[in-house]
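Fold and geometry: a report
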Amino acid sequence: MHKGSCHCGAIHFSVEATISELTTCDCSLCVKRNARMVKVPEDALTVLQGEADLTLYQWNTHRAKHYFCRHCGIYVFHRKRAAPDHFGVNIFCLDDFDATSVPICATEGATMTVEDPNARSEWPGPRVNTGT
Ligand SMILES: [Zn+2]
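**Section: the overall build of the protein**
Of the regular secondary structure elements, the protein holds one helix and 11 strands. Written out in order from the N terminus, the α and β elements of the protein read β-β-β-α-β-β-β-β-β-β-β-β. The buried share of the protein, taken over its 132 residues, is 42%. By sequence separation, contacts in the protein at least 24 residues apart represent 55% of the contacts at least 6 residues apart. Entry remark: accessible area of the protein is about 7,300 Å², with carbon and sulfur atoms responsible for 48%.

**Brief notes about the coordination of the zinc ion**
Taken together, the protein ligands of the zinc ion are Cys6 (SG), Cys8 (SG), Cys69 (SG) and Cys72 (SG), with distances of 2.3 to 2.4 Å. Coordination at the zinc ion is tetrahedral, judged from the four donor atoms that bind it and the angles of 106 to 115 degrees they form at the metal. All donors of the zinc ion belong to a single chain; written as a sequence motif, their spacing is C-x1-C-x60-C-x2-C. Of this pair, Cys6 sits in the loop between strand 1 (2-5) and strand 2 (12-15) while Cys69 sits in strand 7 (residues 65-69), and the two are 63 residues apart along the sequence. Accessibility assignment for this pair places Cys6 and Cys69 in one class, buried.

**Points about unusual backbone geometry**
The phi torsion at Asn34 lies on the positive side, around 55 degrees, for a residue other than glycine. Of the residues examined, Asn34 reaches a relative accessible area of 63% and is grouped as exposed. Here the phi dihedral of His62 falls at roughly 65 degrees; this positive angle occurs in a residue that is not glycine. Its relative accessible area of 45% is what places His62 among the partly exposed residues.

**Concerning the confidence of the model for the protein**
For the protein, the mean per-residue pLDDT works out to 85, and 83% of the residues sit at or above 70. Mean pLDDT across the elements of the protein bottoms out in strand 11 (residues 126-131) (54) and peaks in strand 2 (97).

**What to know about the environment of Gly73**
Take Gly73: it is sitting in the loop between strand 7 and strand 8 (75-79). In sequence terms Gly73 and Cys8 are 65 residues apart; their C-alpha atoms lie 9.0 Å from each other.

**Some details on the packing of aromatic side chains**
Given two aromatic rings, their pairing is described by the distance between the two centres and the angle made by the two planes. In total, this model carries three aromatic pairs according to the counting rule given. Relative to Phe77, the ring of Tyr67 lies with its centre 5.8 Å away and its plane at 50 degrees, an arrangement referred to as tilted. Remark: Phe77 occurs in strand 8 and Tyr67 occurs in strand 7; sequence separation between them is 10 residues. Note on accessibility: Tyr67 and Phe77 belong to one class, buried. Ring plane angle 80 degrees and centroid distance 5.7 Å describe the contact between Phe77 and Phe87, whose orientation is recorded as edge-to-face. Here Phe77 is found in strand 8, whereas its partner Phe87 is found in strand 9 (residues 86-90), with 10 residues between them in sequence. For Phe87, a relative accessible area of 7% corresponds to the buried category. These aromatic residues form a ring-pair network of at least three members: Phe13, Tyr67, Phe77 and Phe87. We note Arg33 situated over the ring of Tyr75; from NZ or CZ to the ring centre the distance is 3.7 Å.

Parameters at a glance
Residues numbered from 1 in each chain as written. Predicted model: local features only at pLDDT ≥ 70, side-chain atom pairs only at ≥ 80, totals over all residues. Heavy atoms only, no water. Helix = DSSP H or I, 4+ residues; strand = E, 2+ residues; numbered from the N terminus. Buried < 20%, exposed > 50% of the residue type's maximum accessible area, 1.4 Å probe, protein only. Contact = heavy atoms within 4.5 Å. Areas by Shrake-Rupley, 256 points an atom, 1.4 Å probe, with all protein chains shown as cover. Donors = N, O, S within 2.8 Å, 3.2 Å for Na, K, Ca; no water. Tetrahedral: all angles 85-135°; square planar, octahedral: opposite > 155°, others 65-115°. pLDDT = per-residue confidence, 0-100. Phe/Tyr/Trp six-rings, centres within 6.5 Å; stacked < 30°, edge-to-face > 60°. Lys NZ or Arg CZ within 6 Å of the ring centre and 35° of its normal.

What follows is the structure, given as structure tokens:
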């Protein structure tokens, strides 16, 4: 089990999962927040403290739900658009987790935008394994 928190400590959560792969994403939001994430089933994520301090950001199709701390602004996790029964968790919020110990898979998120008339309706799956 991994425990995590935002920067100011208002939000604490736990993740009951073995982390064997990380993902990055090239959508406009993930690029700006420099996200590196792990995908976990919704049951695996538990908010231990600070649920009321979470703020929700939605854009584009409004299907994904991006949560961040309303005090310190740190992105903690999001309910995934392509897999709404899963969360993506900000691995840099996890305590004592070595982000270099696990391979990274790049997700092609930019092509999912509905602003593009030729956008794909389905997530095309992991694109390339860029290694660590
Ligand atoms: Zn915070």
